[in-house]
Amino acid sequence: MAMGEKSNRTMNVLIVGVGGQGVIMVSKVLAQLCQADGHDVKQSEVHGMAKRGGGVFSHVRFGPKVWSPTIPEGEVDILVALEWAEGLRWLRHLKPDTGTFIADCQKIVPPFACLSRKRGAEPAYAPQAPEEIIEQVHAGYVMDATTMAANLGNAKAANTVLLGALSTALDFPEDAWLDVISATVPEKSVEINRKAFAEGRAWAGAAPKRIDVTPDGLHKAHVEVHHPEVETVVEIVADWCKGCDICVKICPERCLRLNGQLKAELALPDLCTGCQLCAWLCPDLAITVTNTPVADTPATTKAATEPAE
Ligand code: SF4
Ligand code: SF4
């Protein structure tokens with residue numbers, strides 16, 4: 001992605017995702033950066049049912065003088081999507097000839113999309129592949145930001161990986177981004193957020209269009225779950241579980257429970273269909289569900305309550 005030129009016109013950036021992903025943090029960092037650089041900035045956001053996994057979006061507009069906080073449809077210069085289907089939902093707002101689309105391939109499937117309770121059943125979720133979408137936009141980046149952040153030590157820093165990618169499309173110095181990020185995130189997570197930013201910036205800086213969905217990424221896992229014969233492994237990181245009970249309540253098969261330490265555990269593994277609802281809806285990313293075609297790996301369904309290596 002080439003560095004953007006400093007322009008005298010209003011720049012429109014739309015950030016979208018679902019509750020808990022850090023849409024507002026991305027928006028806040030960008031707005032503060034623009035303000036510090038002397039731009040007039042307008043920011044607006046809608047949280048809706050964010051705490052229940054609902055959509056969240058934020059408009060950031062900056063330039064010499066901005067009159068309205070809302071970006072008209074078809075006028076978005078850069079669309080940043082922290083969740084794949086949310087990105088597709090807002091795609092028509094992107095400028096058709098010059099817009100840049102930056103998305104995490106992470107899929108957070110709403111409960112009503114899981115229509116079948118059969119093992120390996122396909123949820124009703126946006127079917128478009130990243131390749132199709134990239135073809136439709138001027139510049140497009142589909143990355144596995146969540147896995148990249150997880151590999152750095154905390155999947156929650158995926159929003160900062162996307163900030164790094166966004167930084168390559170705007171004309172602000174890298175140090176200015178890092179200063180604002182460091183001042184915005186909690187002190188204990190400054191280090192990982194700086195690394196996450198560098199990772200996203202390096203990744204997006206390599207090419208004008210790029211798709212990179214790693215083998216362990218959530219997009220790939222979603223594809224694998226369509227296999228009719230799968231073995232399922234549910235991993236729950238006890239240290240990350242805060243005992244909110246969401247996964248227990250949302251599991252269609254009622255196979256999860258909270259143990260005596262108020263940590264989620266897979267109590268009835270034989271009933272688990274691998275639907276991934278618990279993993280998608282855990283606000284603390286404490287659950288991973290892996291579905292592997294039986295023919296490839298003759299493993300048995302099991303629960304793992306220790307942190308993944
Ligand atoms: S695993 Fe996640 S959703 Fe389940 S109780 Fe723990 S924090 Fe809540
Ligand atoms: S434990 Fe998770 S993956 Fe298994 S059936 Fe329940 S919600 Fe679905």
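As a starting point, this report considers the structure included with it. (Residues numbered from 1 in each chain as written. Chains lettered and ligands numbered in written order. Predicted model: local features only at pLDDT ≥ 70, side-chain atom pairs only at ≥ 80, totals over all residues. Heavy atoms only, no water.)

## Thoughts on helix H1 (residues 23-36)
Reasoning step 1: Along its 14 residues, H1 runs 20 Å from first to last C-alpha, staying within 8% of the 20 Å computed at 1.5 Å per residue.
Reasoning step 2: Among all positions in H1, only Val 23, Met 25, Val 26, Ser 27, Val 29, Leu 30, Ala 31, Leu 33 and Cys 34 are buried.
Reasoning step 3: Residues of H1 that are buried make contact with strand E1 (11-18), strand E2 (40-46), strand E3 (55-63), helix H5 (158-167), helix H6 (174-184) and helix H7 (190-204).
Reasoning step 4: Of the residues one or two after H1, Gly 38 is the one with positive phi, at around 90°. (Helix = DSSP H or I, 4+ residues; strand = E, 2+ residues; numbered from the N terminus. Expected span 1.5 Å × (residues − 1). Buried < 20%, exposed > 50% of the residue type's maximum accessible area, 1.4 Å probe, protein only. Contact = heavy atoms within 4.5 Å.)

## Details of the site of ligand 1
Reasoning step 1: Contacts to ligand 1 come from 13 residues, most closely from Cys 241, Cys 244, Asp 245, Cys 247 and Cys 282.
Reasoning step 2: The residue makeup of the shell around ligand 1, split by class, is nine nonpolar, one polar and three charged. (Near = heavy atom within 4 Å. Nonpolar A, V, L, I, M, F, W, Y, C, P; charged D, E, K, R; others polar.)

## Brief notes about the site of ligand 2
Reasoning step 1: The local shell around ligand 2 holds 14 residues, among which Cys 251, Cys 272, Cys 275, Gln 276 and Cys 278 are the closest.
Reasoning step 2: Its residues assigned to classes, the shell around ligand 2 shows 10 nonpolar, three polar and one charged.

## A word on the packing of helix H4 (residues 145-152) against H5
Reasoning step 1: Packing of H4 against H5 brings their axes to within 8 Å, and their N-to-C directions diverge by 115°. One way to sum up the angle between H4 and H5 is to call them roughly perpendicular. Both H4 and H5 take part in a crossing whose hand is right-handed. Contacts between H4 and H5 involve Ala 145, Thr 146, Met 148 and Ala 149 from the first element and Ala 158, Val 161 and Leu 162 from the second. (Axes fitted to C-alpha atoms, helices over the stretch in contact; angles between N-to-C directions. Parallel < 35°, antiparallel > 145°, perpendicular 65-115°, else oblique. Left-handed = near helix turned anticlockwise from the far one by under 90°.)

## A closer look at unusual backbone geometry
Reasoning step 1: If you check the backbone angles, Arg 254 has positive phi at about 55° while not being a glycine.
Reasoning step 2: Along the chain, Arg 254 falls in the loop between helix H9 (246-250) and strand E9 (256-258).
Reasoning step 3: Taking the relative accessible area as the measure of exposure, Arg 254 reaches 55% and is therefore exposed.
Reasoning step 4: Backbone geometry places Gln 276, a non-glycine residue, at a positive phi of 75°.
Reasoning step 5: Relative to the elements of secondary structure, Gln 276 occurs in the loop between strand E10 (264-266) and helix H10 (277-281).

## Let's talk about the packing of aromatic side chains
Reasoning step 1: Enumeration according to the criterion identifies six aromatic pairs in this entry.
Reasoning step 2: Ring centres of Phe 62 and Phe 172 lie 5.9 Å apart, and the angle between their planes is 45°; this geometry places the pair in the tilted category. On the criterion of sequence distance, the pair formed by Phe 62 in strand E3 and Phe 172 in the loop between H5 and H6 is long-range, its members being 110 residues apart. One exposure class covers both Phe 62 and Phe 172, and it is buried.
Reasoning step 3: Ring plane angle 70° and centroid distance 6.1 Å describe the contact between Tyr 141 and Trp 203, whose orientation is recorded as edge-to-face. On the criterion of sequence distance, the pair formed by Tyr 141 in strand E6 (residues 139-143) and Trp 203 in helix H7 is long-range, its members being 62 residues apart. The pair Tyr 141 / Trp 203 is uniform in exposure class, with both members buried.
Reasoning step 4: A cation sits over an aromatic face here: Lys 65 above Trp 67, 5.3 Å from the ring centre. (Phe/Tyr/Trp six-rings, centres within 6.5 Å; stacked < 30°, edge-to-face > 60°. Lys NZ or Arg CZ within 6 Å of the ring centre and 35° of its normal.)

## Looking at the pairing of strand E8 (residues 230-236)
Reasoning step 1: Among the seven residues in E8, five count as buried, and that is most of the element.
Reasoning step 2: As paired strands, E8 and strand E11 (residues 287-293) are joined by seven bridges and run antiparallel to one another. Looking at the pairing, Val 234 lines up with Val 289 of E11. (Pairing = 2+ DSSP bridges.)

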